[in-house]
Every structure is written in C-alpha cells, then in structure tokens.
Amino acid sequence: MIITPPPAETAAGHVADMYAEDIADDGFVFSHTQAMAVNPEAHAAFEQLVRAVVPSIGLSVYEAATLGAAQAIGSTHCLLAHGRKALRAEVIDEDGLLAFAHGDDSRFSEAEQVVIRYARKLSTEAAAMSDADTQELRDAGFSDRQIVDITLAAGARNLFSRSLLALAVPVDEVPGLAPSLVAALSAS
C-alpha cells in the first residue's frame, strides 16, 4: 500500500474512533481501516450511507447484498469481514457460508438469493441491467424503498471494495473465522 495512514499514537476524532473500534473488537487496527483513515470524512459518510439503508432492508438482506457484490468483485477484504459479520449475526451458518464461497447460495433465503444475484450483476455488468433485474426484487416482495436501498448497499460495497483493491491494501487475517472458511472465501 503506497499511502501512509495516520499513526495510531496521534490519531484524533473519527480516526481515533475507527482505530479504537478495531482494537476493541480484534486487538489490532485492520489495514483497510488505516487506509480509510486517510480521509475520515469520507469514511464517516460511507458509514452514514450504510446506516441509512439497513433499516429498510434489515441486516440479513444488507449482508446478502454485500457478500454478493464482494464475491463478484473479488474482494477478499470484504468477503472475510462480512462473512464474519454474517456468521455473528446468524444470517448464515458456517456450512452455508462455505457453500456460498464455492458458488452455492442455496443456504440463504429465497429473497436473499435474489439479492445476491442482483448484487453480483450490479457489480459485473451494471450497464446491462434493466427493469427485469429489479422486477426480480419486486417479485421477491421488496418495496420501492427496499429496491433502492439494496442497490445502494451493493453500490456502496463496490465503492469500498474497489477502493481497497485499487490502493493495494493488504488483506489482514480476520479473527474468528475457521481456516477452511478463510481459504474458501479468499479463493471465491
């Protein structure tokens, strides 16, 4: 990573909060946190966007959109971090996450599977999307607001994941994931 993040010993404001949260949760500051700490205002805006979309779609749909987008992009950072978040929130169990890493999303609910497919397409061929793609979300029972928020969740993951990849941010070990899951998600 070519950029130089703010040092922990002089971190203040939002940067200090970012670092403290990582340390409290995992005992160290993740490389992706350090990279985003270079522009704490942008990080805070990203967090605000996430907080604005989750209430209408719920955590399980948010994680499905996030995992679908991260997998399509090839973002190991986000697959590991959100794989762990999905496990902790009981969105999916370890066997289901392992299956997902191998291309099988059948352990997610039917509605979440639609979200995963939508997020994948948004992440790989957004210019080719049409009303037929969003109709699948509607057919799965999502409202206009939820369709917009699912789209924003997947789009936000694209922004964050692609930024980490473009900056060549190292992938850190994510505590709490079984080695088999780390290997599968990293190869996903």
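Attention here is on the structure that accompanies the text. The model shown is predicted, which means the values in this text are computed figures rather than measured ones.

This brings us to the overall build of the protein chain. Scanning the protein chain for helices and strands turns up nine helices and zero strands. Ordered by position from the N terminus, the helices and strands of the protein chain form the series α-α-α-α-α-α-α-α-α. With the C-alpha coordinates of the protein chain rotated into their principal frame, the extents come out at 50 × 35 × 25 Å. The buried share among the 188 residues of the protein chain stands at 44%. Partitioning the contacts of the protein chain with sequence separation of at least 6, the portion at a separation of at least 24 is 68%. Taken as a whole, the protein chain presents about 9,000 Å² of accessible surface, with 54% of it coming from carbon and sulfur. For the protein chain, the distance from the average position of its 12 positive side-chain charges to the average position of its 26 negative side-chain charges is 4 Å.

Here we come to the layout of surface pockets. One number sums up the size of the largest pocket: a volume of about 800 Å³. The wall of the largest pocket is formed by 28 residues, among which Glu21, His32, Glu47, His82 and Lys85 lie closest to the centre. Those elements that provide at least two residues to the lining of the largest pocket are α1 (13–26), α2 (31–36), α3 (40–73), α4 (76–88) and α8 (144–166). Looking at side-chain class alone, the lining of the largest pocket contains twelve nonpolar, five polar and eleven charged residues.

Mapping Gln71 onto the fold places it in helix α3. Within the structure, the side chain of Gln71 is placed 2.6 Å from the side chain of Arg120, a separation counted as a polar contact. Not counting chain neighbours up to four residues away, the residues in contact with Gln71 comprise Leu79, Phe100, Ala101, Arg120 and Ser188.

Applying the stated criterion across every chain yields a total of one cavity of 30 Å³ or more. In this model, the largest cavity occupies a volume close to 30 Å³. Here the lining of the largest cavity is built from residues that sort into three nonpolar, two polar and one charged.

For the structure shown, the criterion picks out three aromatic pairs. Centroid distance Phe28 to Phe30: 4.6 Å. Interplanar angle 55 degrees. Geometry classified as tilted. The buried category is assigned to Phe30, whose relative accessible area is 5%.

Considering all chains together, one arrives at five salt bridges under this definition. A salt bridge links Asp144 to Arg138; the nearest nitrogen and oxygen atoms lie 2.5 Å apart.

Conventions and cut-offs
Residues numbered from 1 in each chain as written. Predicted model: local features only at pLDDT ≥ 70, side-chain atom pairs only at ≥ 80, totals over all residues. Heavy atoms only, no water. Helix = DSSP H or I, 4+ residues; strand = E, 2+ residues; numbered from the N terminus. Buried < 20%, exposed > 50% of the residue type's maximum accessible area, 1.4 Å probe, protein only. Contact = heavy atoms within 4.5 Å. Areas by Shrake-Rupley, 256 points an atom, 1.4 Å probe, with all protein chains shown as cover. Lys, Arg positive; Asp, Glu negative; His and termini not counted. Charge placed at Lys NZ, Arg CZ, Asp CG, Glu CD. 1 Å grid on protein atoms, 1.4 Å probe; cavity = no way out; pocket = protein on both sides within 12 Å on 5 of 7 lines; lining within 4 Å. Points joined across faces, edges and corners; volume = space filled by probe spheres on them. Nonpolar A, V, L, I, M, F, W, Y, C, P; charged D, E, K, R; others polar. Polar contact = N/O pair within 3.5 Å; in protein donor to acceptor, adjacent residues only side chain to side chain. Phe/Tyr/Trp six-rings, centres within 6.5 Å; stacked < 30°, edge-to-face > 60°. Salt bridge = Lys/Arg side-chain N within 4 Å of Asp/Glu carboxyl O.

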